[in-house]
Amino acid sequence: MPRRRYSKPRKCNHVSCNPQRMIRLVNCHIDPRAAVRRFLRVPAILCACSGLAATAAPAAETRVNGDAVIRGQAGQSEIVIKTSDRTAGAICSLTWNGQEFLDAADHGRELQSASNFDVDGDIKSETYNPTEAGSCRDGAGQTTTSRLLYLSAAGAELVTTNQMAFWLAPGEKSGGVPARNTTMLSKHLLAKRVHIGVPGFPRVIEYQVTFTLPRDERHTIAVFEALTGYMPAEFSVFWRFDLKTRKLEQVDKGPVECPSPLIFSTQDGRHAMGIYAPPSAGKPEPSYGRFEFLWAKVTKWNCVYRVNQPAGIPPGNYSYRMFVIVGTLDEARATLDALSRAAGDA
């Protein structure tokens with residue numbers, strides 16, 4: 001397994017609730033007929049009602065199958081996104097123009113979301129770490145500890161609600177530190193809405209997530225890995241896009257976080273994936289991490305939000321909105337430039 005998310009990197013220079021009710025709120029998304037600028041500036045709200053915060057695991061109901069496909073035209077090829085039952089509805093495949101963009105060898109990779117929290121003010125890597133696709137113990141197997149509560153997939157849009165597994169089982173360790181959780185399945189919920197294409201930007205995947213924190217837990221530090229993408233080793237060239245100079249600069253392979261959006265590309269530039277989160281009032285600034293795991297033959301990017309409230313982080317919903325860009329390197333750069341300008345991020 002690659003070491004995954006939460007060791008502190010060096011700095012760069014520059015629903016307990018009714019899942020059907022949650023999904024009705026997820027589906028209240030932006031009218032695609034609205035102007036692009038307005039579309040980009042509306043914050044992501046998947047679950048606007050604080051009453052959706054989890055206090056216990058939802059009652060057992062009919063099992064939800066996690067196998068689904070959505071697709072949308074992007075230039076000369078379709079973007080095709082697949083989820084799997086094996087990963088509790090997390091995205092396990094994204095293809096475009098004959099290329100697979102994701103590594104899904106185990107339950108810690110994929111295109112997915114996770115979070116990490118302190119216990120009694122002390123936060124350690126992966127030791128209280130709800131994870132969408134499943135647990136470390138799930139490994140390369142065909143089952144998952146996470147629990148899919150809802151899935152809808154039609155055309156270019158995917159909506160899911162997931163009860164996340166803890167990454168570590170009780171008694172397991174990360175970096176020599178024992179897991180702080182006492183169960184395999186957390187009470188933390190993850191809702192997502194994924195839509196291929198936004199007005200004027202067919203190569204952009206809008207990705208909205210809401211983390212629901214349960215009422216019966218107390219934390220003061222939260223690290224929301226709003227989205228991470230584990231990519232095959234051929235995506236070996238890392239780029240950062242400077243929002244001030246509007247230039248793309250090749251950068252090292254980390255591990256590091258910086259405030260600039262990222263693009264990972266193949267050596268020939270024929271395939272690339274970018275990550276960008278537009279400004280959102282009242283939310284912390286995102287940071288973007290980049291990693292290479294040579295032994296695992298995988299590369300990784302992420303978009304992370306950190307919340308630190310010494311008086312206690314309120315339970316409820318924490319929503320984030322990002323855009324994943326797919327195309328050639330030149331197309332990804334041009335799209336990221338235009339998209340960020342449209343969002344007023346210049």
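Above this text sits the structure in question.
Here the residue numbering is sequential within each chain, running from 1 through the sequence in written order. Owing to the predicted nature of the model, reporting of local features is limited to residues with pLDDT of at least 70; listing and counting of side-chain atom pairs is limited to 80 or more, with chain, interface and lining totals taken over all residues. Note that the side-chain values use all heavy atoms of the structure and ignore hydrogens as well as water.

A. Layout of the packing of aromatic side chains. Two aromatic rings from Phe, Tyr or Trp, using only the six-membered ring of Trp, form a pair when their centres are within 6.5 Å; if the ring planes differ by under 30 degrees the pair is stacked, by over 60 it is edge-to-face, and anything between is tilted. Within the structure shown, the criterion is met by 10 aromatic pairs. Seen from their ring centres, Phe211 and Phe224 are 4.9 Å apart, and the 40° between their planes marks the pair as tilted. Pair noted here: Phe211 is in strand E13 (residues 201-213) and Phe224 is in strand E14 (residues 221-232), with a separation of 13 residues, a long-range link. Comparing Phe211 with Phe224 shows no difference in burial state: the two are buried. Centroid distance Tyr305 to Tyr320: 4.2 Å. Interplanar angle 20°. Geometry classified as stacked. Placement of Tyr305 in strand E21 (residues 298-308) and of Tyr320 in strand E22 (residues 316-327) is noted, with a sequence separation of 15 residues between them. By the ring-pair criterion, three or more aromatic residues cluster together here, those being Phe117, Phe211, Phe224, Tyr305, Tyr318 and Tyr320. A ring has a charge above it when a Lys NZ or an Arg CZ is no more than 6 Å from the ring centre and no more than 35 degrees off the ring normal. Lying across the ring of Tyr320, Lys283 places its NZ or CZ 5.4 Å from the centre. The secondary structure listing takes helices from DSSP runs of H or I that are at least 4 residues long and strands from runs of E that are at least 2 residues long, numbered from the N terminus. A 1.4 Å probe rolled over the protein chains alone gives each residue an accessible area, and that area as a share of the maximum for its type sets the label: buried under 20%, exposed over 50%, partly exposed in between.

B. The arrangement of the environment of Ser77 in detail. Relative to the assigned elements, Ser77 resides in strand E3 (residues 77-83). Since its relative accessible area comes to 15%, Ser77 is described here as buried. Contacts are residue-level and defined by heavy atoms, with any inter-residue pair within 4.5 Å sufficient. If sequence neighbours within four positions are ignored, Ser77 has contacts with Gly72, Trp96 and Asn97.

C. Broad picture of helix H3 (residues 329-342). The span expected for a helix works out to 1.5 Å for each residue beyond the first. Under the 1.5 Å per step criterion, the end-to-end length of H3 is 20 Å for 14 residues, consistent within 8% with the ideal 20 Å. Leu329, Ala332, Thr335, Leu336, Asp337, Leu339, Ser340 and Ala342 are the residues of H3 that are buried. Gly344 sits one or two positions beyond H3 and adopts a positive phi of about 80°.

D. Just the environment of Arg180, in detail. Structurally, the position occupied by Arg180 is in the loop between strand E11 (177-178) and strand E12 (185-198). Taking the C-alpha atoms as reference points, Arg180 and Val119, separated by 61 residues in sequence, lie 7.1 Å from one another. The residues touching Arg180, leaving out its near neighbours within four places in the chain, are Val119, Asp122, Lys124, Thr127 and Tyr128.

E. Just the pattern of salt bridges, in detail. Salt bridge, as used here: a side-chain nitrogen of Lys or Arg that lies within 4 Å of a carboxyl oxygen of Asp or Glu. Across all of its chains, the model carries 22 salt bridges by this definition. A salt bridge links Arg63 to Asp85, with the nearest nitrogen and oxygen atoms 2.1 Å apart. On the criterion of sequence distance, the pair formed by Arg63 in the loop between helix H2 (36-41) and strand E2 (68-74) and Asp85 in the loop between E3 and strand E4 (91-96) is long-range, its members being 22 residues apart. Look at Arg63 and you get exposed, because its relative accessible area is 59%. Of the residues examined, Asp85 reaches a relative accessible area of 22% and is grouped as partly exposed. The salt bridge partner of Lys187 is Asp216, with a shortest N-O separation of 2.4 Å. Here the residue Lys187 occupies a position in strand E12, and Asp216 occupies one in the loop between E13 and E14, the gap between them amounting to 29 residues. Three or more residues are tied together by salt bridges with common partners; here these are Glu157, Arg193, Glu206 and Arg321.

The values are spatial; any link to function lies outside them.
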